[in-house]
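Structure assessment
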Amino acid sequence: MLVTLLVVVFASLLATLYIQHRKNSRFWADRGVPHSPPHPLLGNFDCFFKQNVGIWMRDLHEKFQAPLIGIWVFRQPVLVVADPEVAKRILVSDSELFRNRYLASGKSDPVGGLNIFTIKDPTWSNIRRRITYIFTGAKLKAMHGLLSSKSKATVDRILQDKANNKTTEIRTLFADYTTDIIGTSLFGMQNDAVGTGDSPLRAVTRDFMKFDWFRGLSFYSIFFWPALVDIFRFSFFPRKSVDFFRKSVNTIIEHRTTNNLENNDLLDALVKMKKDKLDDGQEFSDDLLAAQATVMLQGGFDTTAVGLTFVVYELAHNPKIQEKLYKELIEAKKSKGGADLNFSDLEKLTYLNSVSKEGLRKYPPMGWLDRISSVDYKINDTLTLPANTPVYINAMGMHHDPQFFPEPHKFDPDRFLPENQQNFVPFSFVPFGEGPRMCIGKRFAQMTMRYLLSELVLSVQFRPLPGSPKPSEVNYETKFAFLMPEHPLSVEFIPRN
Ligand code: HEM
């Protein structure tokens, strides 16, 4: 009797799941959007631990060659957009209706869930407007001394490694540099990871860079199946770094408040937030403050370091581009009588900026932009997206689409030169996102990249190491969604006279 009952319950459960799956599988067909049939559990998300998500996005676009594609990420229908016009509406013109991302961290992870990358509106806008001012042009200009000295120290480290016959692993070196820059300029923490290869903050960023299976599962869940985060108590940041930030942010904030000290940085903005209240009268919790510091470090140090890594790696394999960049830089330096190039000089160097842009076109660290519609939204005459459907703007797909970027697999900075701008389709190039939810650290990151690139190119030549993979042969991390090399990358550095 009991066995019969169990069989009936089990069979009904299977039948319900099957009916649900059949109904869910018709989601895109019912709306006339191109799609492939979904797997009952993975949906179309077959890159899970097998392929980097950015590369998967690129391949998806190459396969369908359509401006709109319907996919299932696990069981969730998601619209993938590679149409710059639609991207513009979602990210900018109608951004009021797309304030939030689908990705989310759960209640089990207070610091991971409270940072401005994961948090929902209205807390998001409340925090963002209180922090944005730390990235104004004037503040960035004031970083000249720091950026210049750390860039020179990075070159010294390369020369020292060379003198000791040591191969420099470039992503680690650039992560040392970006950790120092963020630590000093945003938190007022003096660090010397570039000089020593280590520092208390570098221990934290090194932890961020460890992608084991559990962290991989945590990220996949946060980005692509947020409902599971609380069930498995996944966390956005490693627990050790959360403890570090909880302790140090509180200590620094208390020290500054008691002694009335100001350092004009992110922590000052957090001190002010602590004194103020949220718009609904609630206080900003200590975790909410620690969360903003943690996300700036996590969001900033590796994206920038990986951006630099790919650019330097491409330059090593493209000597003509490297020489063209060297000429631009040396002429700019000569025109200043040999003085160091500053924030405004670097901002004006068209080839330097084209090289950085081309690096971020070919290798955007976040290959897709995630939004969720708050209302039923009319995409076009035939497609209305039901409320709460996630949308991925396929940055990686558009960056590699020959109709926007001819010969997309070629590293060709000339395509970004001002004289070629007539070919440029707005919103087809979105490495930092766009609209009110775009990368808050965009100018900071660009400046950090420009300073180091110019110092490096002026001081050393880069060449491929014998036996090293060509850029097209580099493998990408599969345990983390952002685009980053799976293995250490190195180049040969030859000092210039
Ligand atoms: C080359 C370096 C970087 C790249 C390519 C990059 C890219 C991105 C992208 C694509 C987004 C999502 C934008 C969107 O959804 O429209 C984002 C968001 C964000 N980035 Fe960056 N980023 C970089 C560096 C930085 C730096 C240096 C910081 C901080 C110091 C930072 C902090 C953030 C934060 C906090 C967000 C969330 C913003 C929000 O939701 O309001 N990023 N970034």
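The shown structure was predicted, so the numbers you read here are calculated from the model rather than taken from an experiment.

Definitions and cut-offs
Residues numbered from 1 in each chain as written. Predicted model: local features only at pLDDT ≥ 70, side-chain atom pairs only at ≥ 80, totals over all residues. Heavy atoms only, no water. Helix = DSSP H or I, 4+ residues; strand = E, 2+ residues; numbered from the N terminus. Rg over C-alpha atoms; globule rule 2.2 N^0.38 Å. Buried < 20%, exposed > 50% of the residue type's maximum accessible area, 1.4 Å probe, protein only. Contact = heavy atoms within 4.5 Å. Areas by Shrake-Rupley, 256 points an atom, 1.4 Å probe, with all protein chains shown as cover. Core = buried A, V, L, I, M, F, W, Y, C linked by side-chain atoms within 4.5 Å. Pairing = 2+ DSSP bridges. Axes fitted to C-alpha atoms, helices over the stretch in contact; angles between N-to-C directions.

Time to look at the overall build of the protein chain. Along the protein chain, the regular secondary structure elements total 21 helices and eight strands. Since a compact globule built from 497 residues should have a radius of gyration of about 23 Å, the 24 Å found for the protein chain is in line with a globular shape. Seen through its principal axes, the protein chain has C-alpha atoms that stretch 90 × 60 × 45 Å. With 497 residues in all, the protein chain has 56% of them scored as buried. Counting contacts in the protein chain only where the partners sit at least 6 residues apart, residues at least 24 apart contribute 74% of the total. As presented, the protein chain carries roughly 21,800 Å² of accessible surface, and 56% of it is formed by carbon and sulfur atoms.

Right, let's talk about the environment of L79 for a bit. Along the chain, L79 turns up in strand β2 (residues 76–81). When the C-alpha positions of L79 and S199 are compared, they lie 43 Å apart, and in sequence the two are 120 residues distant. In contact with L79, not counting residues within four places along its chain, are W28, V33, L68, I69, I379, L383, L385, P390, V391 and Y392.

Before going further, it helps to examine the nonpolar core. Side chains that are nonpolar tend, in soluble globular proteins, to be buried together. Within the largest apolar cluster, 130 residues are counted, with the highest numbers of intra-cluster contacts made by V53, F187, F223, F224, L315, W368 and F462. The greatest single-element share of this core, amounting to 17 residues, is contributed by helix α16 (residues 286–317). Those residues in contact with V53 that sit more than four places away from it in its chain are F45, C47, Y220, F224, W368 and A481. Counting residues in hydrophobic clusters, the runner-up holds 27 residues, among them F27, L68, I393 and M398.

Let's shift gears to the sheet that holds β2. Adjacent strands of a sheet pair through backbone hydrogen bonds, lying either parallel or antiparallel. Spatial strand order, β1-β2-β6-β3: four strands in an open sheet with mixed pairing. Two strands in the sheet have a free side with no partner beyond their single neighbour: β1 (68–73) and β3 (369–372). Pairs of neighbouring strands in the sheet enclose a mean axial angle of 30°, with direction left out of account. As paired elements, β1 and β2 share six bridges and run antiparallel to each other. The residue of β2 that forms the bridge with L68 is V81. Packing of helix α3 (residues 53–64) onto the sheet brings it into contact with β1, β2 and β6 (390–393), and relative to β1 it is tilted by some 135°.

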